[in-house]
Amino acid sequence: MTEALLLLDQARRHLIASEADLALEKMQRFEKLLAAGNLPKGGVEACAEALQAIRALAEAAREGITAAKRQIAEITAISRNLDTYDHQGKKLGRLAVPHREKRF
């Protein structure tokens, strides 16, 4: 396996392991190889396929993070508006969770 393919494979593995910083480091090293013209002519197609796999993983990770953020926002909004009841079933009408400042 050429150095370029090895770097791309390592970047893919880091993405799968949720190690984005390490994946970025490998991609930057690959970019330097590419800019220096050190990509073997026979390995261009294999590198293109590896890059496409990395792109798909990155897109899936982005979509997953977006969905998780949306779900957390929904849960937070719902939890702020939960009604509480006393032992007789009478609505107390106060928030179950006080409004919290957004931290992020």
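Computed from a prediction, not measured in an experiment: that's the story for all the values here. (Residues numbered from 1 in each chain as written. Predicted model: local features only at pLDDT ≥ 70, side-chain atom pairs only at ≥ 80, totals over all residues. Heavy atoms only, no water.)

Draft legend 1. Geometry of the overall build of the chain. From N to C terminus, the chain includes three helices and zero strands. Beginning at the N terminus, the succession of helices and strands in the chain can be written as α-α-α. Long-range contacts, defined here as pairs at least 24 residues apart, represent 39% of the contacts in the chain between residues at least 6 apart. Working note: accessible area of the chain is about 8,500 Å², and carbon and sulfur atoms make up 56% of it. (Helix = DSSP H or I, 4+ residues; strand = E, 2+ residues; numbered from the N terminus. Contact = heavy atoms within 4.5 Å. Areas by Shrake-Rupley, 256 points an atom, 1.4 Å probe, with all protein chains shown as cover.)

Draft legend 2. Spotlight on the nonpolar core. Within the largest apolar cluster, eleven residues are counted, these being Ala 4, Leu 5, Leu 7, Leu 8, Ala 11, Phe 30, Leu 33, Leu 39, Cys 47, Ala 50 and Ile 54. Listed by contribution, the elements that provide at least two residues to this core are helix H1 (3–16), helix H2 (20–35) and helix H3 (44–80). By residue number, the principal contributor to this core is H1, which donates five residues. Setting aside chain neighbours within four positions, we find Ala 4 in contact with Phe 30, Leu 33, Leu 39 and Cys 47. (Core = buried A, V, L, I, M, F, W, Y, C linked by side-chain atoms within 4.5 Å. Buried < 20%, exposed > 50% of the residue type's maximum accessible area, 1.4 Å probe, protein only.)

Draft legend 3. Spatial organisation of the packing of H1 against H2. With their axes 8 Å apart at the nearest point, H1 and H2 run at an angle of 160° to one another. It follows that H1 is roughly antiparallel to H2 by the angle criterion. Crossing geometry of H1 relative to H2 is assigned as left-handed. In contact with Glu 3, Ala 4, Leu 7, Leu 8, Gln 10, Ala 11, His 14 and Leu 15 of H1, H2 contributes Leu 22, Ala 23, Lys 26, Met 27, Arg 29, Phe 30 and Leu 33. Its residues assigned to classes, the contact of H1 with H2 shows ten nonpolar, two polar and three charged. (Axes fitted to C-alpha atoms, helices over the stretch in contact; angles between N-to-C directions. Parallel < 35°, antiparallel > 145°, perpendicular 65-115°, else oblique. Left-handed = near helix turned anticlockwise from the far one by under 90°. Nonpolar A, V, L, I, M, F, W, Y, C, P; charged D, E, K, R; others polar.)

All quantities given are derived from atomic positions and should not be read as evidence of function.
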